[in-house]
Amino acid sequence: MICGRLCTRIHFPFLSPSKLNASSPISRGFNFNHRRSSSSPSISPIKMSTKSQIIEHIVLLKVKPDTDPSKVASMINGLNSLISLDQVVHLSAGALHRTRSSSLTFTHMLHSRYNSKEELNAYSAHPAHVSVVTEFVKPIAEDIMAVDWIGSDLSGPVALPAGSAMRVTFLKVKEGLGEEVSDEVLGVIGGIKDKFPVIDQISFGKNFSPDRAKGYSIASLAVFPGLSELDGLDTQAAELEKEKARDMLDSVLVLDYVILPQQQSASL
């Protein structure tokens, strides 16, 4: 049975990545079909709340080599300023701490949360968002990837505190294996937090924006109190990271990210 095979062979979110296909139009990561706003958004305090279900939105960015650091800082400032939009319940953007991939070399990440798909769509179409993307992101981005999913049974704060470390894992299931495999994988991910109490929060689900995700269909996000806990878990789980469930997956992308206070992320 698939369940027995998966439950004994797969360990998330510590899978080691395989080679990935990096070809994807930049325009798939953001919605550019809107007019630019003449006003610039301002940074507001992060909103705090708790909800059992949330919409997760992650955008990965590869900044062009030799880009002026001031332009990178402007991009990060602009993205972080979108926390001021009413639709956004959490948002953090900055440089990735670590990318565990030999073929996809993303440099930055945006993670945001919404109460519904409708609010995510409203955020994407908002003139402030379109302005930031058009003015600061698109000119310096060489590659963009985006993944969206519904995080169910979410415990803890929706707005994650500064200093938290995140491990983001994207999985590409082999063609022809069907939804049963995806469901079993999600079931295994759901049990991770009980096995690793140092993890503060687990969010996972099926990607519902396939056109922008380079073929990745499953996503998970593990939140740790800080980078030391994340790095310590790497040592603890080193023996588990041994090509688990490789016969069911085409590729795995793992990224580590640390949430900085907005005033610090603006100076990156």
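Scroll up a little and you will see the structure.
Residues numbered from 1 in each chain as written. Predicted model: local features only at pLDDT ≥ 70, side-chain atom pairs only at ≥ 80, totals over all residues. Heavy atoms only, no water.

Student: Mind showing me how you'd approach the sheet that holds strand β7 (residues 201-206) here?
Tutor: Strand pairing in a sheet is mediated by backbone hydrogen bonds. Such pairs are either parallel or antiparallel. Taking strand neighbours across the sheet as the criterion, the five strands line up as β3-β9-β6-β8-β7 in an open arrangement whose pairing is antiparallel. Here the strands that pair on one side only, and so sit at the sheet edges, are β3 (98-100) and β7. Mean inter-strand twist for the sheet, computed between neighbouring axes without regard to direction, equals 10°. (Pairing = 2+ DSSP bridges. Helix = DSSP H or I, 4+ residues; strand = E, 2+ residues; numbered from the N terminus. Axes fitted to C-alpha atoms, helices over the stretch in contact; angles between N-to-C directions.)

Student: How should the environment of glycine 94 be read in this particular structure?
Tutor: For glycine 94, the position within the fold is in strand β2 (residues 90-95). Classification of glycine 94 by relative accessible area gives buried; the value is 4%. Through-space distance from the C-alpha of glycine 94 to that of leucine 61 is 9.8 Å; in sequence the pair is 33 residues apart. (Buried < 20%, exposed > 50% of the residue type's maximum accessible area, 1.4 Å probe, protein only.)

Student: Explain the pairing of strand β9 (residues 249-258) here, please?
Tutor: In summary, the side chains of a regular strand alternate between the two faces of the sheet. The element β9 is largely enclosed, with a buried count of nine among its 10 residues. In this sheet, β9 lies alongside β3 in antiparallel orientation, the contact comprising three bridges. If you follow arginine 100 over to β9, its bridge partner there is valine 254. Of the strand pairs in this sheet, strand β6 (residues 165-173) and β9 are connected by nine bridges, and their pairing is antiparallel. The residue bridging threonine 169 from the neighbouring strand is valine 254, located in β9.

Student: I would appreciate a short explanation of the pairing of β6 in the present structure.
Tutor: Taking burial as the measure, the nine residues of β6 include nine buried ones, the bulk of the element. Of the two faces of β6, both are covered, the one formed by Ala165, Arg167, Thr169, Leu171 and Val173 as well as the one formed by Met166, Val168, Phe170 and Lys172. Relative to strand β8 (residues 218-224), β6 is paired through seven bridges, and the arrangement is antiparallel. By the bridge assignment for β8, arginine 167 is matched with alanine 222.

Student: Which parts of the structure should I look at to understand the packing of aromatic side chains?
Tutor: The geometry of two aromatic rings is summed up by the distance between their centres and the angle between their planes. Here the structure, examined in full by the defined rule, presents two aromatic pairs. Summarising the aromatic geometry, the rings of tyrosine 114 and tyrosine 123 are spaced 5.1 Å apart at their centres and angled 45° between planes, so their arrangement reads as tilted. Exposure class is identical for tyrosine 114 and tyrosine 123. Each is buried. Pairing phenylalanine 170 with tyrosine 216 gives two aromatic rings, centres 6.4 Å apart and planes at 50°, and the pair type is tilted. Taken together, the residues phenylalanine 170 in strand β6 and tyrosine 216 in the loop between β7 and β8 connect sequence positions 46 residues apart. Take phenylalanine 170 and tyrosine 216: they sit in the same class, and that class is buried. (Phe/Tyr/Trp six-rings, centres within 6.5 Å; stacked < 30°, edge-to-face > 60°.)

Student: Would you take a moment to explain the sheet that holds strand β5 (residues 141-151) for this structure?
Tutor: One open sheet accounts for four strands, arranged β2-β4-β1-β5; its pairing is antiparallel. Two strands lie at the open edges of the sheet, namely β2 and β5, each paired on one side alone. Recorded for the sheet is a direction-independent mean angle of 10° between the axes of neighbouring strands. Note: β2 against strand β4 (residues 108-114), six bridges, orientation antiparallel. Bridge pairing in β4 links histidine 90 to arginine 113.

By themselves, these observations are geometric and do not establish any function.
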